[in-house]
Structures are given as C-alpha cells and as structure tokens.
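# Understanding the architecture of this molecule
Chain by chain, the residues run as shown.
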Amino acid sequence: MRPRSWTALLWFLLVTPLAAKPARATGLESRRGTVLVAGQPEVLPVLFVDSGTVTRVRFVDLVEPRVSPEPEWQGRVEVAPFGERSLVVSPVKNLPEGERLLLPVTGRTEAGEPVSLTLALVTRREVVDAEVWITRAHVIPEPVADGNEVDAVARELLASHVPGGGHPRLSLRVPGMKGASVPASGLRAWVESSLQLEGYLFVTVTLQVDRRNTRPWRLVRVRLEAGCPRGEGLPVRITSGTFGQYQFHTFTTPMPEDAGCVELTLEEDGPRTLRLEGLKVNP
C-alpha cells in the first residue's frame with residue numbers, strides 16, 4: 001500500500017466517518033453498530049462499502065487483525081490496521097453490481113490462538129456500513145441442544161460474563177412471544193427472555209423455519225440497538241444452537257444503564273429480515 005494513501009485514509013477516518021461522500025449528499029444510509037457474523041463456511045459476512053468512504057471494521061473476539069495485499073485489489077480498495085482490534089477499508093471505486101471482493105483477515109484470540117476469516121465487500125446503492133463489528137458465533141452442537149438447550153445456553157452465559165466485583169445486579173424478563181415474521185416465507189422468531197447481569201444484557205431468541213421451506217436461515221447480520229425507537233448500535237457476542245426446525249440465538253452485550261428497551265434486527269444473506277422492536281429490558 002502507498003504511504004501517501006494511508007496518510008489520507010487515516011486523516012479521513014479521524015476527521016469524518018464518511019470522508020469524501022457524506023451519506024446525506026449521496027442518498028446513502030450510513031449505518032453504524034451493525035454486527036457481522038463470521039465463522040460460517042457456507043456464508044461469508046458481507047460488508048457494504050462505497051467509493052470515497054471509510055469503513056471501520058472492529059473485531060469483538062480477534063486481536064491484531066491483518067490483511068495481506070492481493071493482486072485483484074490493485075487500484076480498487078485500500079485496507080490498513082487501525083489500533084489493536086480494527087481495520088479501515090476504503091474502496092477507490094465502486095464494485096460492479098453483483099461482485100463480491102473477498103478480504104481474507106488473519107489475527108489471534110486473546111489467548112494467542114490463530115484465527116482466520118474472510119469478509120465479502122459489496123457495493124449497495126442504498127446503504128453503506130460506516131462502522132461494523134465482526135463476531136464469531138459460538139455454536140452449540142445439536143446433540144447438546146437436543147433437550148438440554150437451556151442448560152447449555154446458561155453455561156455459555158456464565159462463561160461469557162466477566163465479573164466486575166461486588167454483588168450481581170440481576171433482572172430477568174420473559175416477554176411472552178414478542179415476535180416477528182416474514183410474510184410468505186415460513187419464517188418467524190420470538191424473544192424467549194432478556195437477562196441483565198452486572199451491566200450485561202443477554203437476549204435469547206428462538207427462530208422457527210417451516211419444514212416445507214427449503215431455504216435454510218443463516219444469520220449473517222445483527223443490529224442490537226439500545227433505546228426505542230432505534231438508538232445506538234452495540235457490539236454483540238452470539239451463542240447459537242439448533243434443534244430440528246428451531247434455532248436458538250443468545251445475544252450478549254454491555255448494556256447502557258439508562259436504556260430501558262432494545263430493538264433487534266436479524267438479517268440473512270438475502271432479502272429476509274426479522275425485526276424485534278420495543279423489547280423492554282428493565283423490570
């Protein structure tokens with residue numbers, strides 16, 4: 001990468017989130033706080049980019065992300081590390097409609113284990129990701145989920161919680177079928193419960209796919225926003241499991257103290273989107 005380009009790229013990042021093409025001037029919706037789900041070999045996390053803009057890619061569970069330059073990127077996209085857990089990405093020109101430019105990323109876990117994943121860069125006419133989080137979904141094996149999914153998820157919740165000292169502040173809500181569905185798709189979802197523990201929020205969602213539907217649901221994008229209507233996007237860790245036609249997803253995030261409700265958007269790599277709105281999280 002050219003040093004002069006990197007100087008300009010980082011200067012743009014520090015001065016303005018959307019450097020040369022503000023969203024309001026182009027009609028693009030500028031999104032922040034979206035979480036891309038990595039680690040699924042059959043589906044790549046998709047990053048929406050646009051020429052003249054800078055996207056910050058932040059990693060929830062990967063340290064020191066690095067990208068090796070590829071010949072097909074020449075004159076098309078600039079990528080650089082930014083801090084211990086971030087990359088910045090800026091296309092030189094938009095990708096043709098339907099093209100996906102693959103971005104292999106390597107790094108390590110906090111324990112030092114090597115990690116590799118691949119992002120797919122896409123240009124969309126209506127939206128650009130100004131900032132995203134990348135997380136790897138932890139999947140509970142189906143034999144564990146079969147009849148014991150509650151215990152398995154509970155163990156994962158406890159394992160993901162970092163004690164902050166003092167006594168836990170605990171609140172639990174069971175909203176009772178706070179649901180969403182996609183018409184004519186045989187797909188519906190509902191919130192099983194929301195749990196707060198020492199400043200962390202755990203939202204568990206069950207998703208049901210009609211047996212007659214031959215299209216599996218694969219979660220690739222999540223947006224968990226604190227506040228209603230839509231507010232600040234939050235970083236999320238995901239624990240998932242399956243049992244027959246059901247999927248179970250638990251979304252974990254540090255929760256702002258003044259937020260009384262959240263909104264959750266789940267997207268697949270395709271047109272189907274599920275929105276769970278107005279979920280109260282305080283007793």
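Heads up: the structure comes first, above all this text.
Structure report, in brief. Fair warning: this is a prediction, and the values are worked out from it, not measured in the lab.

Cut-offs applied
- Residues numbered from 1 in each chain as written.
- Predicted model: local features only at pLDDT ≥ 70, side-chain atom pairs only at ≥ 80, totals over all residues.
- Heavy atoms only, no water.
- Disulfide = S-S within 2.5 Å.
- Helix = DSSP H or I, 4+ residues; strand = E, 2+ residues; numbered from the N terminus.
- Buried < 20%, exposed > 50% of the residue type's maximum accessible area, 1.4 Å probe, protein only.
- Pairing = 2+ DSSP bridges.

### A closer look at the state of the cysteines
Per the counting criterion, the structure on display carries one disulfide. The disulfide that involves cysteine 228 links it to cysteine 261, with 2.1 Å between the sulfurs. Separated by 33 residues along the polypeptide, cysteine 228 in the loop between strand S15 (219–226) and strand S16 (232–233) and cysteine 261 in strand S19 (residues 261–268) bring together distant segments of the chain. For cysteine 228, a relative accessible area of 32% puts it in the partly exposed group. Accessibility expressed as a relative area gives 7% for cysteine 261, which makes it buried.

### As for the pairing of strand S3 (residues 55–59)
Two faces belong to every sheet, and in a regular strand the side chains alternate between them. Here S3 shows one buried face, formed by Thr55, Val57 and Phe59, and one open face, formed by Arg56 and Arg58. Pairing of S3 with strand S6 (residues 86–91), which is carried by four bridges, proceeds in the antiparallel orientation. Looking at the pairing, arginine 58 lines up with serine 86 of S6. Pairing of S3 with strand S9 (residues 127–136) involves four bridges; the strand directions are parallel. Pairing of phenylalanine 59 across the sheet is with isoleucine 134, part of S9.

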